[in-house]
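Now for the letters of each chain:
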Amino acid sequence: MIAETIGIIVEDIAQFTTPLIVEGVMGVCEEKGYKTVVQNLRLYSRWQDLWFDNSKMVESVLRPAIQELKNIMVDGIIYIAGHSRHMVFPEEINVPVVLCYTRSETRCLPSVVLDDEESAYLIMKYIIGKGHRNIGIIAGEKDNLHSMQRLKGCQRAFKDAGIEFQSEKVVFAGWNKEHGYKSTEYFINMGVSAVMCMNDRLAGGLYQYCYENNIKIGKDISVTGFDNELLAECYTPGLTTVEIPLVKLGGEAMRLLFEMTAEKEAEQEEAVAVEAQVGMESEAEKEAEVGKEAETEMKMEAQAEAEAQMEAGSKRYEHTKEPEPAPCIKVIGSVIERFSVCEV
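All chains use their own residue numbering, which begins from 1 and follows the written sequence. Restriction of local features to residues with pLDDT of at least 70 applies here, the model being predicted, together with a cutoff of 80 or more for giving and counting side-chain atom pairs; totals for whole chains, interfaces and linings are based on all residues. Computation of side-chain values: all heavy atoms of the structure, hydrogens and water removed.

Engineer: Sorry if this is basic, but what is going on with empty space enclosed by the protein here?
Structural biologist: Every definition here rests on a 1 Å grid over the protein atoms only: cavities are sets of points where a 1.4 Å probe fits but cannot get out, pockets are open sets enclosed by protein on both sides within 12 Å along at least five of seven lines, and lining residues have some atom within 4 Å of a point. Grid points are joined across faces, edges and corners, and a volume is the space filled by probe spheres set on the points. Counted under the stated rule, the structure contains one cavity of 30 Å³ or more. In this structure, the largest cavity is lined by Met87, Val88, Phe89, Glu91, Ser104, Glu105, Thr106, Cys108 and Leu109.

This is the structure in structure tokens:
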């Protein structure tokens, strides 16, 4: 047994968001004197995007990873996803679990996620604040949760500014540089003054197209990204983007897990104390109570029968109360201002 150990399961350590989230988890663990054990599922490296809608593929590597962590009796598990979605996580493992960068489809597990909607709202509000009204958006896949939530944030920013949202100014392209490159000509021909890209790699494709066609970013057209990957500050001019607080995401997930484990320990201690108190009752006290119990038993039976009749009469008015959903903490990104947006 490894004492005071937290298991970290990552979908793929190579995902750019994962290392800093892990750093956030480990930082809090170090403060509390906990060790960490990391299991890397390598989902993207093994199967690229083929596993996205295939729970059997995920479980084929997830369940063995969970079992290994249970074998060394970890105190809890942090599960770090590579992209945000509603996922199915095994619920019968009897170990406290917190999901990070994803959420439970059944809402039964606590999670810490990026507030994509509010973060996108902030960057679009920034663009509008520079005077832009004719704005294009290059998004990821249409059914992707990041795309949907970020688009909601953009729509809310338009509404607050009194700008009509036009669906033809949104292209659902994908997430890679070539997707951004292929989408740029459409917006140039449309005559937009600014383009909001839903990640920095899409912006990289737009930068390349503009370079090849002698279009000056920050002068002829304004561009923003999302994620604040290292490459964002290497572009010329530097890309204005949204920084995802990855370390904070990991730290919040770990603090939430510690709250869960503390509650579990308190419940166990209370159960042990109650059991000990019951065990201390003497046999003499028990025998003295036997007579009283027999005397009240008939009264209780009569009362129970009356209550049962009342319950039967009102049962059709009862409503099954759904369990409270597990907490979901949302962390907001921040705008990193560089030189790719000009005023109009």
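Engineer: I keep staring at a negative patch on the surface and nothing clicks. Help me out?
Structural biologist: What makes a patch is a set of residues exposed beyond 30% relative accessible area and free of salt bridges, joined within 9 Å when like-charged and within 5 Å when nonpolar (Val, Leu, Ile, Met, Phe, Trp, Tyr). Note on areas: Shrake-Rupley with a 1.4 Å probe; residue coverage comes only from the protein chains shown. By salt bridge we mean one thing: a side-chain nitrogen of Lys or Arg within 4 Å of a carboxyl oxygen of Asp or Glu. Charged residues are defined narrowly, with Lys and Arg counted positive, Asp and Glu counted negative, and His plus the chain ends left uncounted. To locate a charge, the coordinates of NZ of Lys, CZ of Arg, CG of Asp or CD of Glu are taken. A cluster of acidic residues, Asp49, Asp53, Glu141 and Asp143, forms a negative patch on the protein surface. Of note, Asp53 is situated in the loop between helix 2 (43–47) and helix 3 (55–71). Three exposure classes are used, based on accessible area relative to the maximum for each residue type with a 1.4 Å probe and protein chains only: buried under 20%, partly exposed in between, and exposed over 50%. Judged by its relative accessible area of 77%, Asp53 is exposed. Numbering of helices and strands runs from the N terminus; a helix is a DSSP stretch of H or I covering at least four residues, while a strand is a stretch of E covering at least two.

Engineer: Even after reading the chapter, I still don't get the nonpolar core, so can you show me in this structure?
Structural biologist: In globular proteins that are soluble, nonpolar side chains generally tend to be buried together. Buried Ala, Val, Leu, Ile, Met, Phe, Trp, Tyr and Cys residues form a nonpolar core when they are joined through side-chain atoms within 4.5 Å. Counting 65 residues, the largest nonpolar core has Ile78, Ile80, Met124, Ile137, Met196, Val223 and Met254 as its most contacted members. Tallying contributions element by element places helix 8 (residues 246–279) first for this core, with seven residues. Two residues qualify as a contact provided that any one of their heavy atoms is within 4.5 Å of a heavy atom in the partner residue. Residues within four places of Met124 in sequence aside, it is in contact with Ile135, Ile137, Cys154, Ala157, Phe158 and Met196.

Engineer: Which parts of the structure should I look at to understand the packing of aromatic side chains?
Structural biologist: Classification of ring pairs uses Phe, Tyr and Trp, with its six-membered ring standing for Trp, and accepts pairs whose centres are within 6.5 Å; under 30 degrees between planes counts as stacked, over 60 as edge-to-face, and the remaining range as tilted. Counted according to the given criterion, the structure contains nine aromatic pairs. Geometrically, the ring pair formed by Tyr44 and Phe52 is edge-to-face, given 6.0 Å between the ring centres and 75° between the ring planes. Relative accessible area serves as the criterion here: at 15%, Tyr44 is assigned to the buried category. Where Tyr186 meets Phe187, the ring centres are 5.2 Å apart and the plane angle is 75°; that geometry is what we call edge-to-face. A network of ring pairs unites the aromatic residues Tyr44, Trp51 and Phe52 as a single cluster.

Engineer: In this structure, what is going on with helix 7 (residues 200–212)? I would like to understand it.
Structural biologist: Working note: α-helix, 3.6 residues per turn, so residues spaced by three or four point in the same direction. The span expected for a helix works out to 1.5 Å for each residue beyond the first. Relative to the 18 Å expected for 13 residues at 1.5 Å per residue, helix 7 spans 19 Å between its end C-alpha atoms, a close match to the ideal helical length. Those residues of helix 7 lying buried are Asp200, Leu202, Ala203, Gly204, Gly205, Leu206, Tyr207, Tyr209 and Cys210. For helix 7, the N-terminal cap is Asn199; the gap from its side-chain oxygen to the backbone nitrogen of Arg201 is 3.2 Å. Positive phi appears at Asn214, one or two residues downstream of helix 7, with a value of about 55°. Within 3.5 Å is the distance limit for a polar contact, defined as a pair of N or O atoms, with the added protein rule that one can donate a hydrogen and the other accept it, and that residues adjacent in sequence qualify only through two side-chain atoms.

Engineer: What is the right way to look at the side chain of Arg103 in this model?
Structural biologist: Examined against the element boundaries, Arg103 turns out to sit in strand 6 (residues 103–104). Buried within the structure, Arg103 lacks any salt-bridge partner; Asp116 is the closest side chain of opposite charge, at an N-O distance of 5.9 Å. Excluding residues that lie within four positions of it along the chain, Arg103 makes contacts with Ser84, Arg85, His86, Met87, Ser111, Val113, Leu114, Leu145, Cys328 and Lys330.

Engineer: How should I be thinking about helix 3 in this particular structure?
Structural biologist: With 17 residues, helix 3 extends 23 Å from end C-alpha to end C-alpha; this agrees with the ideal 24 Å at 1.5 Å per step. Tucked inside the fold, the buried residues of helix 3 contact strand 1 (5–10), strand 2 (35–40), helix 2 and strand 3 (76–80). Taken from the residues just after helix 3, Met73 is the one with a positive phi, measuring 60°.

Engineer: What exactly am I supposed to notice about the pairing of strand 7 (residues 111–114) here?
Structural biologist: Side chains on a regular strand alternate between the two faces of the sheet. The side-chain alternation of strand 7 yields two buried faces, one formed by Ser111 and Val113 and the other by Val112 and Leu114. Pairing between strand 5 (residues 97–100) and strand 7: two bridges, direction parallel. Bridge pairing in strand 7 links Leu99 to Ser111. At least two bridges found by DSSP between two strands is the condition for calling them paired. For strand 7 and strand 13 (residues 328–331), the ladder comprises four bridges, and the chain directions are parallel. Each residue of the ladder has a partner; that of Leu114, found in strand 13, is Val331.

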